[in-house]
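A structural walkthrough
The chain contents come next:
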Number of protein chains: 2
Amino acid sequence: MYQIYNMGTKESIINIADDLIRGQGFNAFSFKDISNTIGIKTASIHYHFPTKSDLGVAILKKHIEQFEALKLSVASKSPMVKLERFLSIYSKMKSEGKICLIGSLISDLNTIDENIKTELGVLTKKLLAWITEILEEGKRKAIFHFKVAPRAKALMILTNIVAIVQLSRLTNDDDFTIVKNTIIKELKP
Amino acid sequence: MYQIYNMGTKESIINIADDLIRGQGFNAFSFKDISNTIGIKTASIHYHFPTKSDLGVAILKKHIEQFEALKLSVASKSPMVKLERFLSIYSKMKSEGKICLIGSLISDLNTIDENIKTELGVLTKKLLAWITEILEEGKRKAIFHFKVAPRAKALMILTNIVAIVQLSRLTNDDDFTIVKNTIIKELKP
DNA sequence: GTCTATATATAGATAGAC
DNA sequence: GTCTATCTATATATAGAC
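Calculation criteria
Residues numbered from 1 in each chain as written. Chains lettered and ligands numbered in written order. Predicted model: local features only at pLDDT ≥ 70, side-chain atom pairs only at ≥ 80, totals over all residues. Heavy atoms only, no water. Helix = DSSP H or I, 4+ residues; strand = E, 2+ residues; numbered from the N terminus. Contact = heavy atoms within 4.5 Å. Areas by Shrake-Rupley, 256 points an atom, 1.4 Å probe, with all protein chains shown as cover. Lys, Arg positive; Asp, Glu negative; His and termini not counted. Charge placed at Lys NZ, Arg CZ, Asp CG, Glu CD. Buried area = accessible area lost by both parts, 1.4 Å probe. Salt bridge = Lys/Arg side-chain N within 4 Å of Asp/Glu carboxyl O. Polar contact = N/O pair within 3.5 Å; in protein donor to acceptor, adjacent residues only side chain to side chain. Nonpolar A, V, L, I, M, F, W, Y, C, P; charged D, E, K, R; others polar. Expected span 1.5 Å × (residues − 1). Buried < 20%, exposed > 50% of the residue type's maximum accessible area, 1.4 Å probe, protein only. Least-squares fit on C-alpha atoms with pLDDT ≥ 70 in both. Axes fitted to C-alpha atoms, helices over the stretch in contact; angles between N-to-C directions. Parallel < 35°, antiparallel > 145°, perpendicular 65-115°, else oblique. Phe/Tyr/Trp six-rings, centres within 6.5 Å; stacked < 30°, edge-to-face > 60°. Near = heavy atom within 4 Å.

1. What to know about the overall build of chain A
Regarding its fold elements, chain A presents nine helices and zero strands. Each helix and strand of chain A, placed in order from N terminus to C terminus, yields the pattern α-α-α-α-α-α-α-α-α. Taken along the three principal axes of its C-alpha coordinates, chain A extends 60 × 45 × 30 Å. Once local pairs closer than 6 in sequence are excluded, the contacts in chain A between residues at least 24 apart make up 67%. Of the accessible surface of chain A, which amounts to about 8,800 Å², a share of 53% is contributed by carbon and sulfur atoms. Computed over 27 positive and 20 negative side-chain charges, the separation of the two mean positions in chain A equals 4 Å.

2. Considerations on the interface of chain A and chain B
Interface size is commonly expressed as the accessible surface area that is lost when the partners come together. Every contact between the two is made by 46 residues of chain A and, on the other side, 46 residues of chain B. Overall, the association of chain A and chain B removes approximately 4,000 Å² of surface from exposure, summing both partners, and the carbon and sulfur fraction of that is 65%. Taking the shortest distance from any N to any O, the salt bridge between A:Lys153 and B:Glu186 comes out at 3.0 Å. The tally of links from chain A across to chain B stands at 17 residue pairs in polar contact (both at pLDDT 80 or more). Elements that contribute at least two residues to the side of chain A that touches chain B include exactly α1 (8–24), α6 (101–106), α7 (114–140), α8 (150–167) and α9 (174–185) of chain A. For the side of chain A that touches chain B, the class distribution of residues is 20 nonpolar, 15 polar and eleven charged.

3. Considerations on helix α4 (residues 52–73) of chain B
All names here are of chain B. The terminal C-alpha atoms of α4 lie 32 Å apart, and with 22 residues this matches the ideal 32 Å at 1.5 Å per residue to within 8%. Within α4 the residues assigned to the buried category are Ser53, Leu55, Gly56, Val57, Ala58, Ile59, Leu60, Lys62, His63, Ile64, Phe67 and Leu70. Those residues of α4 hidden inside the fold are in contact with α1 (8–24), α2 (31–38), α5 (79–95), α6 (101–106) and α7 (114–140).

4. Comments concerning the relation of the copies chain A and chain B
Rotating chain A by 180° and translating it 0.0 Å along the rotation axis places it on chain B, where the RMSD comes to 0.0 Å. Look at the turn and shift together and you get a two-fold axis relating the two. An overlap of 100% is found between the interface residues of chain A and their copies at the interface of chain B, pointing to a shared contact surface.

5. A closer look at the packing of α8(A) against helix α8 (residues 150–167) of chain B
Relative orientation of the contacting elements α8(A) and α8(B) amounts to 100°, with a least axis distance of 7 Å. Overall, the two elements α8(A) and α8(B) adopt an arrangement that is roughly perpendicular. Where α8(A) abuts α8(B), its residues A:Leu155, A:Met156, A:Leu158, A:Thr159, A:Asn160, A:Ala163, A:Ile164 and A:Leu167 lie against B:Leu155, B:Met156, B:Leu158, B:Thr159, B:Asn160, B:Ala163, B:Ile164 and B:Leu167. Residue composition of the contact of α8(A) with α8(B), grouped by class: twelve nonpolar, four polar and no charged.

6. Section: the environment of B:Ile131
Within the secondary structure, B:Ile131 sits in helix α7. Spatially, the C-alpha atom of B:Ile131 lies 22 Å from that of B:Ser107, the residues being 24 residues apart in sequence.

7. Topic: the pattern of salt bridges
Residues and elements named next belong to chain A. For the structure on display, the rule yields 22 salt bridges over all chains. Note that Arg22 and Asp19 form a salt bridge whose closest N and O atoms lie 3.1 Å from each other. Highlighted residues: Arg22 and Asp19, both in helix α1, separated by three residues, approximately one helical turn. Note on Arg22: relative accessible area 10%, which makes it buried. Its relative accessible area of 37% is what places Asp19 among the partly exposed residues.

8. Observations concerning the packing of aromatic side chains
Aromatic ring pairs are described here by two measures, namely the spacing of the ring centres and the angle between the planes. Following the criterion strictly, the structure yields eight aromatic pairs over all chains and no others. Relative to A:Phe29, the ring of A:Phe26 has its centre 5.8 Å away and its plane inclined at 75°; by these criteria the two rings are edge-to-face. With relative accessibility at 2%, the residue A:Phe29 sits in the buried group. With centroids separated by 6.4 Å and ring planes inclined at 85°, the aromatic side chains of B:Phe86 and B:Trp130 adopt a geometry described as edge-to-face. Of this pair, B:Phe86 sits in helix α5 while B:Trp130 sits in helix α7, and the two are 44 residues apart along the sequence. Each member of the pair, B:Phe86 as well as B:Trp130, carries the same accessibility label: buried.

9. Thoughts on the environment of B:Thr124
Structurally, B:Thr124 is set in helix α7. Using a relative accessible area of 0% as the deciding quantity, one classes B:Thr124 as buried. Taking the C-alpha atoms as reference points, B:Thr124 and B:Asn15, 109 residues apart in sequence, are found 20 Å from one another. With sequence-adjacent residues up to four places away left out, B:Thr124 is seen in contact with A:Leu167, A:Leu170, A:Thr171 and B:Ile102.

10. Considerations on unusual backbone geometry
What you tend to see is this: most non-glycine residues have negative phi, and most peptide bonds are trans. Located in the positive-phi region is A:Ala142, a residue other than glycine, with phi close to 60°. Examined against the element boundaries, A:Ala142 turns out to sit in the loop between α7 and α8.

11. What to know about the protein's contact with DNA strand D
Lining the immediate surroundings of DNA strand D are 17 residues, of which A:Lys52, B:Lys41, B:Ser44, B:Tyr47 and B:His48 lie closest. When the atoms of DNA strand D within 4 Å of the protein are sorted by group, sugar and phosphate make up 68%. At 3.4 Å from a base nitrogen of DNA strand D is found a side-chain nitrogen or oxygen belonging to A:His46. Between a phosphate oxygen of DNA strand D and a side-chain N or O atom of B:His48, the distance comes to 2.7 Å. Breaking the surface near DNA strand D down by element, the ones donating at least two residues are α2 (31–38) and α3 (42–48) of chain A together with α3 (42–48) of chain B. Ranked by residues supplied to the surface near DNA strand D, first place goes to α3(B) with four residues. Here the surface near DNA strand D is composed, by residue class, of seven nonpolar, seven polar and three charged.

As structure tokens, then:
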């Protein structure tokens, strides 16, 4: 309830750091990078986030909130629409030359603070559970067809999209679209 | 042909740095980490590898050589054996708590030296081409069954395994086995 | 809330002795 | 080939003025 006004700087820091993590990685970005972009001294960033880990946790909490909002916004839609909405987030990401937060932080898992790790676990499990739900609903309604357990299929799809948004930068940008389309195609009879 | 003897230190540096990259990430590991493990001063490491990037390139060339050797060693085997041999590398990796070199470096793509990037591209494309060949051969011999193009299917499998060896550290270690088994299962009729 | 100034640590890298 | 010593740069973080 407090701090309703003047939230601009704090949010700006979160958004810029988010972009930096998903563009350079957590260990490669620095407070100076934020400083250069936003026009604020590094010491001032520490006023909003005492440590780099605190900033990391804040970014994850933002993503968790955004995920919950997305989930809610398509709750009444068909499983196919839900799945396509999920995949479209990665299409946007790809077009912006970024990778996803989970994919960026997971490779640094052994070097990040325990608090970041915890929130990353929360986000990843929520996302996986949601994809599992979408697949279950789609199977029940005979929209999706697959042989394995819904959670196993959700793991397949999540790993496909998290990795291809990164790998396609090296193999071929079109590979992103190929994988995205194949995910959909393999769910059809 | 030169330097056949006394290669111990240089190879040790490569092997330890390899482990460090696949455990902590390229930007998180330092020459001091190697120094602590191998018992050699950081300045001495620079004698063998002038820059950190030179070391990175050497590690990638080692992986490319090892890949070529693996490919050759199973050339006469059935497609299923080849695929299982490929997947078993990731099983070993998983049991050692490591991730793969491609998966580790790809998330740092925007921060690594151009020379490393080039070699990473070589390794990734070679691996992808090999998986594609295996799938083509398997399809021709009616051992594997899949609807999409072999290269598209290879992208699906590669992204599955590269990402699950990382993600399963957060979701559930058993998820690695689930994905590995699902890859095989989905290739059967 | 942002600044200047500074503390402290660590990074990659080089020079030159042995 | 490895060492000591050092350079330069940059990192996260803190103290205290404004």
